[in-house]
Amino acid sequence: MADVTKHSRAERIRDVIRYIRKFKNALLVIYIDDEVLDSPFFPNHIQDIGLIHETGLQVIIVPGAHKRIDEILSASNISWTEKNGIRITPPEAMPLIKMAAFDVSNTIMTSLAGEHLNAVIGNWVRARSKGVLDGFDFGTSGEIDKLQIDAIRKVLSNGFIPIFPCIGWSAAGKPYNISSIQLAQEIAIHLQADKLFYLIPHAEINATNFKIPENLSITPEDTIPALSLDELKIFIKDNGISSNTEKITNDHMLKNKILSILSLAQEACEQGVSRVHLLNSFIDGALPCEIFSDLGSGTMIYSNQYGGIRDMTREDIPSVLSLMRPFVRKGILLPRTKQQLFSDFQDYIVYELDGCIRACAALHLYNGGQAEIAGVAVDESCEHIGIGPKIITYLIEKAKQLKVVSIFILTTQSSDWFEQLGFRQDDISSLPQKRKDQWTAKRNSKVFRRKI
């Protein structure tokens, strides 16, 4: 047991080192909802951002200021309305909105200074009036017109963390209130960020508040860990933004906010941002867990193939043996040698996740149209994202292409799992003679079969 624990710890350490190497000099854009500032988790998030920056990643912070603007306008007895999620205010509100936006940015800059990090608040956003649309005047609300990319890159190259208040200025110097959530997305797109994070209280995509499409993998906590662009489009289609304006609850408001962010995430990924992450700010360590581990802590939207199935190569053999080792100890898998894998490597596939082998399986062919799926191993830290069913489905499709009539597996401890995947118990006598000769009463493996 001690060896297993040490192995698990070693794998976690390897994960962190691998991700540090992978994302060194990468650019991260982090949106921080201003409700986070009053939470007990805020100091830890700032500390985590400091640690992330020290590992060599470049960081840009875009703080939201919705809550702070509400407070300042209410204290000044200035009323406002909202249309399509946009705050509508009279001209006299703009100085107060600007004060609130910079107040939030200053809070973050001061906190970063406490971690000995250099940050700077800048006016790098050119904006224009949103104007009058369909006869409705959007007042002080603005649209992002242009970002001063060269100036931002210079700040980053000098080791500073840029902080963007939710204010943009026209060419004539007139300020406008702009959406921080959209600003974070625009920055990520224009600078082709490697990762865009939205750190928001209670931001979780779960089965309680959303309709989860079939075949999507969920975590033990019933949340979706990752969505490809194709999966995201289906999810957004199945979960429309609520248009009912009568007594919209906080849960409805959060759901609509998440769906709006997911739409921005889709656009960001389509325009070159590698990954967008939605994180619950009330989870301690959400940022480093999402960056430096496969397990993650929120929901990731991805455009590139961050994880995928491919044929095994000889170079993968040490990693596959290491992956199988815990399953051999538990008696789930028969031990394989390096020589056996070297001889049979063409039968194997692997699932690679961010450069690391996280699952494997083999398809062995026999006479009479039979095939065996064997050597199935999935890293326990990745079980929640549905890798196992994906590799079995992949091998079934491969067997169909090879004109296989039926597929069998032999198992001692995973019968329930294979039954869920459509396999049904069969008799030992049904095995091809070559495989029947290898069966032993001592191990007493059960046979399960699926016809194609």
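Residues numbered from 1 in each chain as written. Predicted model: local features only at pLDDT ≥ 70, side-chain atom pairs only at ≥ 80, totals over all residues. Heavy atoms only, no water.

A. Just the overall build of the protein chain, in detail. Looking only at helices and strands, the protein chain has 14 helices and 23 strands in total. Each principal axis of the C-alpha atoms in the protein chain carries an extent, and together these give about 85 × 45 × 35 Å. Looking at the protein chain as shown, the accessible area adds up to about 22,200 Å², and 49% of this sits on carbon and sulfur atoms. Here the protein chain carries 50 positive and 53 negative side-chain charges, and the mean point of each set is 7 Å from the other. (Helix = DSSP H or I, 4+ residues; strand = E, 2+ residues; numbered from the N terminus. Areas by Shrake-Rupley, 256 points an atom, 1.4 Å probe, with all protein chains shown as cover. Lys, Arg positive; Asp, Glu negative; His and termini not counted. Charge placed at Lys NZ, Arg CZ, Asp CG, Glu CD.)

B. View of the packing of aromatic side chains. All chains considered together, the criterion is met by nine aromatic pairs. One aromatic cluster is present, formed by W417, F418 and F423 through successive ring pairs. Taking the ring centre of F136 as reference, the NZ or CZ of K83 above it sits at 5.0 Å. One Lys or Arg, R87, reaches over the ring of W80 and ends 5.1 Å from the middle of that ring. (Phe/Tyr/Trp six-rings, centres within 6.5 Å; stacked < 30°, edge-to-face > 60°. Lys NZ or Arg CZ within 6 Å of the ring centre and 35° of its normal.)

C. Region of the structure containing the pairing of strand β18 (residues 348-353). Across the six residues that make up β18, a large majority, five, are buried. Inspection of the sheet shows β18 paired to strand β19 (residues 356-365) by six bridges, in the antiparallel sense. Bridging across to β19, Y351 finds its partner in A359. Hairpin geometry of β18 and β19 is characterised by an intervening segment of two residues between the two adjacent antiparallel strands and by a positive phi of about 50 degrees at D354. (Buried < 20%, exposed > 50% of the residue type's maximum accessible area, 1.4 Å probe, protein only. Pairing = 2+ DSSP bridges.)

D. Looking closely at the packing of helix α3 (residues 66-75) against helix α4 (residues 94-114). Where α3 meets α4, the closest approach of the two axes is 9 Å, and the angle between their N-to-C directions is 135 degrees. One element, α3, and the other, α4, form an angle in the oblique class. Handedness of the crossing formed by α3 with α4: right-handed. Taking contact as the criterion, the partners of R68, I69, I72 and L73 in α3 are, on α4, L96, I97, M99, A100, D103 and V104. In the contact of α3 with α4, the residues fall into eight nonpolar, no polar and two charged. (Axes fitted to C-alpha atoms, helices over the stretch in contact; angles between N-to-C directions. Parallel < 35°, antiparallel > 145°, perpendicular 65-115°, else oblique. Left-handed = near helix turned anticlockwise from the far one by under 90°. Contact = heavy atoms within 4.5 Å. Nonpolar A, V, L, I, M, F, W, Y, C, P; charged D, E, K, R; others polar.)

E. Representation of helix α10 (residues 317-329) in the model. Counted at 1.5 Å a residue, the expected span for α10 with its 13 residues is 18 Å, and the 18 Å between its end C-alpha atoms agrees. When the local axis directions of α10 are compared, the greatest deviation, roughly 30 degrees, occurs at L323, which is followed within four positions by the proline P326. Of the positions making up α10, those classed as buried are I317, V320, L321, S322, L323, M324, P326 and F327. Positive backbone phi, at 80 degrees, marks G331, one or two positions downstream of α10. (Expected span 1.5 Å × (residues − 1). Bend = angle between axes of the 7 residues up to and from the residue.)

F. Local environment of the pairing of strand β16 (residues 299-302). A two-sided burial pattern is seen for β16, the buried positions comprising T299 and I301 on one face and M300 and Y302 on the other. Here strand β15 (residues 275-280) runs beside β16; their pairing, made up of four bridges, is antiparallel. Within β16, the residue paired with V276 across the bridge is I301.

G. Main features of the side chain of E290. By the secondary structure assignment, E290 is in helix α9 (residues 286-292). Put simply, E290 is tucked away with no salt bridge, and the nearest opposite charge, on K195, sits 6.3 Å away. (Salt bridge = Lys/Arg side-chain N within 4 Å of Asp/Glu carboxyl O.)

H. Layout of the pattern of salt bridges. For the coordinates displayed, the defined rule picks out 15 salt bridges. Close ionic contact of E71 with K67 constitutes a salt bridge, the shortest N to O distance being 2.9 Å. Here E71 pairs with K67, and both are found in helix α3, just four residues apart, close to one helical turn. Judged by relative accessible area, which is 28%, K67 ranks as partly exposed. Among the ionic pairs, R128 bridges to D145, the shortest N-O distance being 3.0 Å. Placement of R128 in strand β6 (residues 125-129) and of D145 in strand β9 (residues 142-147) is noted, with a sequence separation of 17 residues between them. A relative accessible area of 41% means that R128 is categorised as partly exposed. We classify D145 as partly exposed; its relative accessible area is 45%. Among the charged side chains, a network of salt bridges with common partners joins D38, K67, R68, E71 and D103.

I. How the structure looks around the nonpolar core. Membership of the largest hydrophobic core comes to 50 residues, with the highest contact counts inside it found for I60 and Y198. With nine residues, helix α8 (residues 250-270) is the largest single contributor of residues to this core. Excluding anything up to four places from it in sequence, I60 contacts L27, L28, V29, I30, I152, L156, P162, F164, I187 and L191. If you look at the next biggest cluster of nonpolar residues, it comprises 41 residues, including I30, V104, A119 and W169. (Core = buried A, V, L, I, M, F, W, Y, C linked by side-chain atoms within 4.5 Å.)

J. Region of the structure containing the packing of helix α2 (residues 42-54) against α4. Packing of α2 against α4 leaves a shortest axis separation of 9 Å and a crossing angle of 65 degrees. Classified by chirality, the crossing of α4 by α2 is right-handed. Contacts between α2 and α4 involve F42, I46 and I49 from the first element and T107, I108, S111 and L112 from the second. Class assignment for the residues of the contact of α2 with α4 results in five nonpolar, two polar and no charged.

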